[in-house]
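Tertiary structure, described
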Amino acid sequence: MPAADGDARTVRADGSGLVGVASPLLITAARVIVTCPGRNFVTLKIETDQGVYGIGDATLNGREMAVVAYLNDHVCPLLIGRDARRIEDTWQLLYRGSYWRRGPVTMRAIAAVDVALWDIKGKALGAPLHELLGGRSRDRVMVYGHANGADIEETVDAVGRYIDLGYQAIRAQTGVPGLTNAYGVGRGEMHYEPADASLPTETVWDTRRYLTHVPKLFQRLRDTYGPEPRLLHDGHHRMTPQEAARLGKSLEPYDLFWLEDATPAENQEAFRLVRQHTTTPLAVGEVFNTIWDCKDLIQEQLIDYIRTTIVGAGGLTHLRRIADFAAVWGVRTGCHGATDLSPVTLGAAVHFDAWVPNFGIQEYMRHTEATDAVFPHDYRFGAGFLIPGDRPGHGVDIDEALAARYPYDPRQLPIARLTDGTLWNW
Ligand SMILES: O=C(O)[C@@H](O)[C@@H](O)[C@H](O)[C@H](O)CO
Ligand SMILES: [Mg+2]
């Protein structure tokens, strides 16, 4: 009697054919792969008894090996023998079951498992992730790139190059006179990798100079390119609430798409002061890892965009919850997408972005060719947008043989000190 179509026994190499999986899909292996094609990435690969596998990103820039140990010693042993179809139960097991909840290491480990299981489910059902989430709300996903320069002129030129590439939204960061390496001013055109040394590079910061300089940049950008381009800026946690309010107010004439991380958001209430003084849209969240980090910011409408990510906030399972909560309060998504989030996260994010009804924008810092070779993927860039593929799952894979050629290379993020030596927010 031939197996009925869709029966688990009719599994094909890519996992398709398991439509309406009737039988368990048992996890047989969960392996952590560390690779460094120019920068470090941590990937989890989960394999099942029917040949379907999935991969998830667990990269935590500058603290990668903490997540590797958490996965290898405390998570992977729990997964063997579990039914890969039970994504929610696995998420709850890893979140509630650890007792010690939240935090960037824990939530990145959970995210890697979660995304790998969603990838398996998509492959098993022969469906791309955006179909599993509820189908496309848009055919393409608007992205923004990073334009930067050592001074205003260089930054203005860099923004022009992104416009020529078809970007409709561009983040602009510029050097500050008197400061050597201001945040966001990378070395090179398309790739900005801040984790640049095995021990933290020390930088010097002076908010007062910065506050008087940044408005001049956006004045020049509007004078040069007019009102159309969507311009963004990242304050990178460096201002006090009062300083953030001052900058937001001074940037109002230049109609920014958003001012990001204007002030550290551990104290969510700090944004009440900023919000009182400026209508410049505010974005926060790349360092958050659960809904609890942003619940007040969202329900008090203290922000306009939530930047939490699939890798940083416990995977698709939890990010969906944050996005749905944000939608209740008119807050839109603006997922973080720097180069230290691997193509696995970007691939899953493009599916999420294609579905999420309260979509805002997706950050897109291009990965290097070496990284893209290690992580073949089917998302595509075109004229300022990313387009998700339709391969089952999230559409990203890992070339393990190539990955093995790039061993881990310890790197840390810089630190910042104020001119009087005070350790500050980088
Ligand atoms: O918005 C951004 O892209 C930045 O805040 C990041 O590049 C951040 O500096 C890095 O992800 C830190 O690893
Ligand atoms: Mg940022």
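Cut-offs and rules
Residues numbered from 1 in each chain as written. Chains lettered and ligands numbered in written order. Predicted model: local features only at pLDDT ≥ 70, side-chain atom pairs only at ≥ 80, totals over all residues. Heavy atoms only, no water. UniProt positions renumbered as here; feature names shortened; annotations may be inferred. Pairing = 2+ DSSP bridges. Helix = DSSP H or I, 4+ residues; strand = E, 2+ residues; numbered from the N terminus. Axes fitted to C-alpha atoms, helices over the stretch in contact; angles between N-to-C directions. Contact = heavy atoms within 4.5 Å. Expected span 1.5 Å × (residues − 1). Buried < 20%, exposed > 50% of the residue type's maximum accessible area, 1.4 Å probe, protein only. Polar contact = N/O pair within 3.5 Å; in protein donor to acceptor, adjacent residues only side chain to side chain. Donors = N, O, S within 2.8 Å, 3.2 Å for Na, K, Ca; no water. Near = heavy atom within 4 Å. Areas by Shrake-Rupley, 256 points an atom, 1.4 Å probe, with all protein chains shown as cover. Nonpolar A, V, L, I, M, F, W, Y, C, P; charged D, E, K, R; others polar. Lys, Arg positive; Asp, Glu negative; His and termini not counted. Salt bridge = Lys/Arg side-chain N within 4 Å of Asp/Glu carboxyl O. Domains from an automatic or database assignment. Parallel < 35°, antiparallel > 145°, perpendicular 65-115°, else oblique. Left-handed = near helix turned anticlockwise from the far one by under 90°. Core = buried A, V, L, I, M, F, W, Y, C linked by side-chain atoms within 4.5 Å. pLDDT = per-residue confidence, 0-100.

As recorded by an unreviewed UniProt entry, the chain carries the name mannonate dehydratase and is attributed to Brevundimonas aurifodinae. Per its UniProt entry, the chain bears the Sequence similarities (unreviewed entry) comment "Belongs to the mandelate racemase/muconate lactonizing enzyme family. GalD subfamily."

**Side note on the sheet that holds strand β3 (residues 53–57)**
Here 3 strands make up an open sheet; going across it, the order is β1-β2-β3 and the pairing antiparallel. At either end of the open sheet lies a strand with only one pairing partner, and these are β1 (27–35) and β3. If you compare each strand with its neighbour and ignore which way they point, the axes differ by 20° on average. Across 5 bridges, the pairing between strand β2 (residues 41–48) and β3 is antiparallel. Counterpart to Leu-44 in the pairing with β3 is Gly-56. Strands β1 and β2 of the sheet are contacted by helix α1 (residues 64–79), whose axis makes an angle of about 175° with β1.

**Comments concerning the sheet that holds strand β6 (residues 202–205)**
In spatial order, the strands read β6-β15-β16; together these 3 strands make up an open sheet with mixed pairing. For this open sheet the edge positions go to β6 and β16 (423–424), each flanked by a neighbour on one side alone. Bridge analysis of β6 against strand β15 (residues 415–418) gives 4 bridges, and the strand direction is parallel. Each bridged residue has a counterpart across the sheet, and for Glu-202 the counterpart in β15 is Ile-415.

**Overview of helix α6 (residues 207–225)**
For α6, with 19 residues, the first-to-last C-alpha span of 27 Å sits near the 27 Å given by 1.5 Å per residue. Regarding α6, the residues found buried are Thr-207, Tyr-210, Leu-211, His-213, Val-214, Pro-215, Leu-217, Phe-218, Leu-221 and Arg-222. Taken together, the buried residues of α6 touch α5 (152–164), β5 (169–174), β6, β7 (230–234), α7 (241–251) and β16. Where α6 begins, the side chain of Asp-206 points an oxygen toward the backbone nitrogen of Arg-208, at a separation of 3.0 Å. Of the residues trailing α6, Gly-226 is marked for its positive phi of about 75°.

**Here's the deal with the coordination of the magnesium ion (ligand 2)**
A metal bound by six donors in octahedral fashion has ideal angles of 90 or 180 degrees, whereas one bound by four tetrahedral donors has an ideal angle of 109.5 degrees. Note on the magnesium ion (ligand 2): its protein donors are Asp-234 (OD), Glu-260 (OE) and Glu-286 (OE). The metal-donor distances range over 2.0 to 2.2 Å. Binding-site remark: the magnesium ion (ligand 2) is held by donors from one chain whose sequence spacing is D-x25-E-x25-E. On the criterion of sequence distance, the pair formed by Glu-260 in strand β8 (residues 258–260) and Glu-286 in the loop between β9 (282–284) and α9 (295–299) is long-range, its members being 26 residues apart. A residue is classified by how much of its surface remains accessible, and Glu-260, at 0% relative accessible area, is buried.

**Looking at the site of ligand 1**
Around ligand 1 sit 15 residues in total, of which Asn-61, His-236, Glu-286, Arg-307 and Glu-363 are the nearest. Side-chain polar atom of Arg-171 to an oxygen atom of ligand 1: 3.5 Å apart, as the coordinates give it. One nitrogen or oxygen atom from the side chain of Asp-234 is found 3.0 Å from an oxygen atom belonging to ligand 1. When ligand 1 is considered free in solution it has 340 Å² of accessible area, and contact with the protein chains removes 95% of it. For the shell around ligand 1, the class distribution of residues is 4 nonpolar, 4 polar and 7 charged.

**Some words on the side chain of Asp-261**
For Asp-261, the location among the structural elements is in the loop between β8 and α8 (270–277). The side chain of Asp-261 sits in the buried core without any salt bridge; Arg-307 is the nearest counter-charge, 5.5 Å away.

**With respect to the domain arrangement of the chain**
A common measure of how large an interface is: the accessible area buried when the components associate. What the domain assignment reports for the chain is domain 1 (8–127) and domain 2 (133–424). Contacts between the two partners involve 42 residues from domain 1 and, on the opposite side, 47 residues from domain 2. On the surface where domain 1 and domain 2 come into contact, there are 5 salt bridges. With a shortest N-O distance of 2.9 Å, Glu-400 and Arg-31 are connected by a salt bridge. Across the contact surface, domain 1 and domain 2 share 23 residue pairs in polar contact (both at pLDDT 80 or more). Of all the elements in the fold, those that place two or more residues in the side of domain 1 that touches domain 2 are β1, β2, β3, α1, α2 (87–96) and α3 (104–125). The residue makeup of the side of domain 1 that touches domain 2, split by class, is 19 nonpolar, 11 polar and 12 charged.

**Quick word on the packing of α5 against α6**
Direction vectors running N to C along α5 and α6 enclose 45°, while the axes themselves pass 10 Å from each other. The orientation of α5 relative to α6 falls into the category oblique. Viewed along their axes, α5 and α6 form a crossing whose handedness is right-handed. For the pair α5 and α6, contact is made by Ile-152, Glu-153, Thr-155, Val-156, Asp-157, Val-159, Gly-160 and Ile-163 and by His-213, Lys-216, Leu-217, Arg-220, Leu-221, Thr-224 and Tyr-225, respectively. By residue class, the composition of the contact of α5 with α6 is 7 nonpolar, 4 polar and 4 charged.

**Overview of the nonpolar core**
Leu-44, Ile-46, Leu-71, Val-113, Phe-218, Ile-306 and Phe-352 are the most contacted members of the largest nonpolar core, which has 118 residues in total. In terms of residue count, α3 provides more of this core than any other element does, 11 residues in total. When we break this core down by domain, the ones giving at least three residues each are domain 1 (8–127) and domain 2 (133–424). In this structure, Tyr-144, Ala-169, Phe-257 and Tyr-305 belong to the second largest nonpolar core, which totals 10 residues.

**A word on the confidence of the model for the chain**
Note: predicted coordinates in regions of low pLDDT should not be interpreted at a detailed level. Averaged over every residue, the pLDDT of the chain is 94; residues scoring 70 or more account for 94%. Here residues 1–11 is modelled with pLDDT under 50, and outside its nearest four sequence neighbours on either side it reaches 17 contacts, counting other chains as well. With pTM at 0.94, the complex prediction returns an ipTM value of 0.99.

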